[in-house]
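# A closer look at the structure
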Amino acid sequence: MAEAADFQGTSPSPARRWLRRSGVLLAGAPLLAGLLQLPLGVPAQAAEKASAADAASSDGVDINIASLSPSAPTDGDTVTVSGSVTNRSKQTVTDAHVGIRVGSSPLTTRSAIDTAAKLTSFQPGLDAAEVGGKYVEKVARLAAGSSQNFSISVPVKDLDLGDDGVYQLGVSLTGRTTAQQWDQVLGIKRTFLPWQPDAADTKTKTTYLWPLISSVHLTAETGSDEQQTRVFKNDDLAKEISPGGRLDQLLSLGSGLDVTWVLDPDVLASVDAMRGGYRVQQPDGKTVAGSEKNRELAKAWLDRLEKTVQGQKIVALPFADPDIASLAHSGRVTGSLSRLKDATDVASDTVASIVHVKPSTDFTWPVDGAIDPSIVNVATSAGADKVIARSDSLQETGGLAYTPSAARPIGGGTTAVVADERLSTAFQGDMLKAGNSTLAVQKFLAQSLMINLQDADQRSIVVAPQRMPTASQAQSMAAALRTLQQGNWSESQGLAAAAKAKPDPGATTRVPSASSYPRALKSQQLPASAFDWIQGTQTKLDKFQVILTDKSRVATPFGLAMNRGMSTSWRGRPAEGKVFRDAVDSYLDGLTGLVHLIEKSDAKLSGRSATIPVTVQNNLVQGVGHLTLRLTSMQPTRLKIGNGPFDEKLIKVAGEHSQSVKFTTSTKANGPVKVVAQLYTEDGQPYGAAVPFEVKVTEITSTVMLVIGGGVLLLVLAGFRMYTQRKRAAAQQAEDGPEDGPEAEGVNKDTDGTVETEDAEDSEAGQESTTGPKSGADDPGHPSDPTPDTAPESADPSGTGERVDR
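Residues numbered from 1 in each chain as written. Predicted model: local features only at pLDDT ≥ 70, side-chain atom pairs only at ≥ 80, totals over all residues. Heavy atoms only, no water.

## Observations concerning the pattern of salt bridges
Should the charged atoms of two oppositely charged side chains come close, the side chains can pair. Convention followed: By convention in these notes, a salt bridge is any Lys or Arg side-chain nitrogen within 4 Å of a carboxyl oxygen on Asp or Glu. A helix here means a DSSP run of H or I that spans at least four residues, while a strand means a run of E at least two residues long, and both kinds are numbered starting from the N terminus. When accessible area is computed with a 1.4 Å probe and restricted to protein chains, residues below 20% of their type maximum are described as buried, those above 50% as exposed, and intermediate ones as partly exposed.
According to the stated counting rule, one finds 28 salt bridges in the structure shown. The closest approach of N and O atoms between Asp62 and Arg88, which form a salt bridge, is 3.5 Å. Taken together, the positions of Asp62 in strand E1 (residues 61–69) and Arg88 in the loop between strand E2 (78–87) and strand E3 (93–102) put the pair 26 residues apart, joining distant regions of the chain. By relative accessible area, Asp62 is classed as partly exposed at 27%. For Arg88, a relative accessible area of 54% puts it in the exposed group. With a shortest N-O distance of 3.9 Å, Arg101 and Glu130 are connected by a salt bridge. Here the residue Arg101 occupies a position in strand E3, and Glu130 occupies one in the loop between helix H3 (110–118) and strand E4 (136–142), the gap between them amounting to 29 residues. Accessibility expressed as a relative area gives 9% for Arg101, which makes it buried. Judged by its relative accessible area of 17%, Glu130 falls in the buried class. One network of salt bridges, in which partners are shared, links Asp114, Arg422 and Lys443.

Set out below in structure tokens:
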């Protein structure tokens, strides 16, 4: 076996170096013989190509390592490498084979792992020789654009692994092309082989955070039923908890691992709302009932979660995972910090009530663990005293030759728990491709083992992966963790224990300045308008709540909606975030408008005094009170309301009812007067829109009264004349006697056969007494305003002979 690359820090043993060099000489003998047979003028060029393989780089042939098993072998194991080779060039490859190359000595630094992972082409003199022998797979012919699978198994004893450590493992394709008829390395792919066959004397304590976090799914809207059925933006949450979905995979995979669960209580609350019956918004704004199938999915997912987290280590983030960094940089306005406190307070109760486990709420987790002084101040303002940071933010400046423990005191009684950046970002790429997943798993394990080999002292390391890993990323994470937790160099530890671990005296504790906050993260922050919206929405909500008999029906859903409005999930999605916030505003405005004054038409007022009715409509399902209705005259010298320019009355209206309130008025002069009706809350703030209308005042003069009196006298005389005529007609009919035939109207036949004539006057009078007075358009019992369905506020009668026409 030839000598492998001597990266900085490697130190192969003398005996092994001699064997490797001998292998190189033997492997090079055929090549040297071939070069001696080339025509003059060609040997120098051919030798350069054969030795450096620059003419056929890794761009020519792509090698995919789909699997490497076991990921961390021990004595007696057989390592199997499987994958495929693909010819990306335009030339056919012939007489080729796939081989495995393992470094002669382990790498000694974490940076050496990073350097090796970045290499893409074959490096003569640096890359190791093939294991060779029977541990190759022939590829007789590989046409341009074609692929061929391979699988090579090598017993560990034949890999000649020495000291514990991380070894490079390369898979290469060696062969010829139609243009270059000599053996050369046409492509290579590198990965890493952690080698720790026996249990380490001191194992690294590793904490892995397992996040159950999602984007915002619930709206602020609720049903009018007693249960307040929740309304979802869409049915995406059902997809996430369905078999194979993201949250389903995270729950299933995490249940078999020793991890610290990091829960967003909003996820639990949303799934809980789904299992109890829910509705889904449609593009046209209407809602439809959620399916029974999804309700069963929600119930099953929560049941599994409850069983999984019993007795486990659980951290609850503030409700809806507020964006701490955005709040610190753009949102320190009135109300925003109090919302963070509310989100923290409700977190523990939400988790405990749904999965019946008491979580820790001592931790906050800024995006990507990036911190500065303002972020730390905001993060701890709600009661948490531990901030999950990351090592690329809180960078080491002391020149330590090892990775220090995670816990760092950063002042003010606050502890920064610094997650390792390399391990935390290991699975952020596209893990759908098996090759990417395998390489990520091997590199993760390599970095973990290297941490343990750096120093004899035991250290506590924290891994904080991406907030919302995909299903494929979660599968890769789980594969790496299973190997790590079954391996010989690491042991699991909870986040709370990691935070309490003894800090390393040489580790950095200085929080970076605000100017060091990553520009890429800053560009994704929530805008200041998102936090101004919180303040405005809270103001409107406070004004609305004060009139309600059951404040909880709006306080809870809108409070949670405001928490969702500053969720970390809106990062990089400004348009979607604005749509959500606008929808909350629109719904709150709609509810507020359900309590309003009914519009009034202009009124005519004749005489010195009258009453003006104003109607309050309540279309809410609950009653309202603590409201004052004020009626104001804009010209009190012409029209007084009560005893002055205005009068006001307290209002209480039952749910889905209306109520009319009468105001007494008095006039002093003729002409139009503008009058304004307005509702006010108890603290004097206007509620809803004012209702203006005009009252036309007309005074009745003495001349008009004489005309009216003359008209009445004429009516009386006409009535007397009609009465006398009817009296004479009745007498004449009595003298003429009864007509033959059927009985005439007004004639009664006695039982003894005699006929008695009924007095016409008495008959008409009797009819009037039995039918009663007729109601007409001028009847004061039928005002022009809508008839209230609750008792009027004032039952006082109007002034004599006076009323208001609308």
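Continuing now.
## Topic: the sheet that holds strand E7 (residues 184–195)
Threshold: Following DSSP output, two strands are said to pair if at least two bridges run between them. Inter-axis angles, ranging from 0 to 180 degrees, are taken between N-to-C directions of lines fitted to C-alpha atoms, where helices are fitted over the stretch in contact. By the convention used here, residues are in contact when the closest approach between their heavy atoms is within 4.5 Å.
With antiparallel pairing, four strands are arranged side by side in an open sheet as E4-E3-E6-E7. Because the sheet does not close on itself, it has two edges, and the strands there are E4 and E7. Across this sheet, the average inter-strand angle for adjacent strands is 20°, counted without regard to direction. Where E3 lies against strand E6 (residues 165–177), eight bridges are found, and the strand directions are antiparallel. In the sheet register, Ile100 faces E6, and the bridge partner there is Val171. The sheet contacts of H3 involve E6 and E7, and relative to E7 the element is tilted by about 150°.

## Observations regarding the nonpolar core
Convention followed: Nine residue types can take part in a nonpolar core, namely buried Ala, Val, Leu, Ile, Met, Phe, Trp, Tyr and Cys, and a core is a set of them joined through side-chain atoms within 4.5 Å.
Ranked by size, the top nonpolar core spans 72 residues in total, and within it Phe544, Phe558, Leu629, Leu631 and Val695 carry the most contacts. No other element matches the six residues that helix H16 (residues 528–545) contributes to this core. Excluding residues that lie within four positions of it along the chain, Val695 makes contacts with Ala603, Leu605, Ile612, Leu639, Gly671, Pro672, Val673 and Val675. Within the second largest apolar cluster, 64 residues are counted, among which are Leu107, Leu237, Leu305 and Ala478.

## What to know about the environment of Lys600
Convention followed: Counting of polar contacts relies on pairs of N or O atoms within 3.5 Å, with two restrictions inside protein: one atom must be capable of donating a hydrogen and the other of accepting it, and residues adjacent in sequence are counted only when both atoms are side-chain atoms.
Inspection of the secondary structure assignment puts Lys600 in the loop between strand E21 (595–597) and strand E22 (603–606). Lys600 gets classed as buried once you look at its relative accessible area, which sits at 9%. Side-chain polar atoms of Lys600 contact the backbone oxygen of Pro613, separated by 2.7 Å.

## Concerning the packing of aromatic side chains
To keep things clear, this is the line we draw: Think of it this way: a Phe, Tyr or Trp ring, Trp meaning its six-membered ring, pairs with another when their centres are within 6.5 Å, and the plane angle makes it stacked under 30 degrees, edge-to-face over 60, tilted otherwise. Cation placement over rings: the criterion is NZ of Lys or CZ of Arg within 6 Å of the ring centroid and within 35° of the ring normal.
Evaluated as defined, the whole model comprises six aromatic pairs. For the pair Phe232 and Tyr278, a centre-to-centre distance of 5.1 Å together with 70° between the ring planes defines the contact as edge-to-face. Highlighted residues: Phe232 in strand E10 (residues 230–232) and Tyr278 in strand E12 (residues 278–281), separated in sequence by 46 residues. Judged on exposure class, the residue Phe232 and its partner Tyr278 are both buried. One cation-aromatic arrangement involves Lys386 over Phe363; the distance from NZ or CZ to the ring centre is 5.6 Å.

## A word on a negative patch on the surface
Operational definition: Grouping into patches uses exposed residues only, defined as over 30% relative accessible area, and leaves out salt-bridged ones; the cut-off is 9 Å for like charges and 5 Å for nonpolar side chains (Val, Leu, Ile, Met, Phe, Trp, Tyr). Using a 1.4 Å probe, accessible areas were evaluated by the Shrake-Rupley method; residue-level cover was limited to the displayed protein chains. Charge assignment in this entry is limited to Lys and Arg as positive and Asp and Glu as negative, and neither His nor the chain termini are counted. Each charge is placed at NZ for Lys, CZ for Arg, CG for Asp and CD for Glu.
Taken together, the side chains of Asp75, Asp163, Asp164 and Asp198 make up a negatively charged region of the molecular surface. Within the secondary structure layout, Asp163 lies in the loop between strand E5 (147–155) and E6.

## A few points about a nonpolar patch on the surface
Together, Leu713, Leu714 and Leu717 make up a nonpolar patch on the protein surface, roughly 320 Å² of accessible area in all. The topology assignment puts Leu713 in helix H19 (residues 702–736).

## Notes on the confidence of the model for the chain
Interpretation of this model should avoid reading the predicted coordinates in detail wherever pLDDT is low. For clarity, the cut-off: What pLDDT reports is the predictor's confidence in each residue, on a scale of 0 through 100.
Scored by pLDDT, the chain comes out at a mean of 84, with 82% of its residues at no less than 70. For residues 790–806, every residue scores under 50 in pLDDT, and the model assigns this stretch 36 contacts once sequence neighbours within four places are set aside.

## A word on the environment of Ser523
Its location among the elements puts Ser523 in the loop between helix H15 (519–522) and H16. Remark: the alpha-carbon pair of Ser523 and Arg571, spanning 48 residues in sequence, is separated by 9.0 Å.

## A closer look at unusual backbone geometry
That bond from Ser69 to Pro70 is cis: its omega, -10°, falls within 30 degrees of zero. Positionally, Pro70 belongs in the loop between E1 and E2. A positive phi angle, near 50°, is found at Gln228, a position not held by glycine. Mapping Gln228 onto the fold places it in the loop between strand E9 (218–222) and E10. For Gln228, a relative accessible area of 16% translates into the label buried. Here the phi dihedral of Ala320 falls at roughly 75°; this positive angle occurs in a residue that is not glycine. Checked against the element boundaries, Ala320 lands in the loop between strand E14 (313–316) and helix H8 (324–330).

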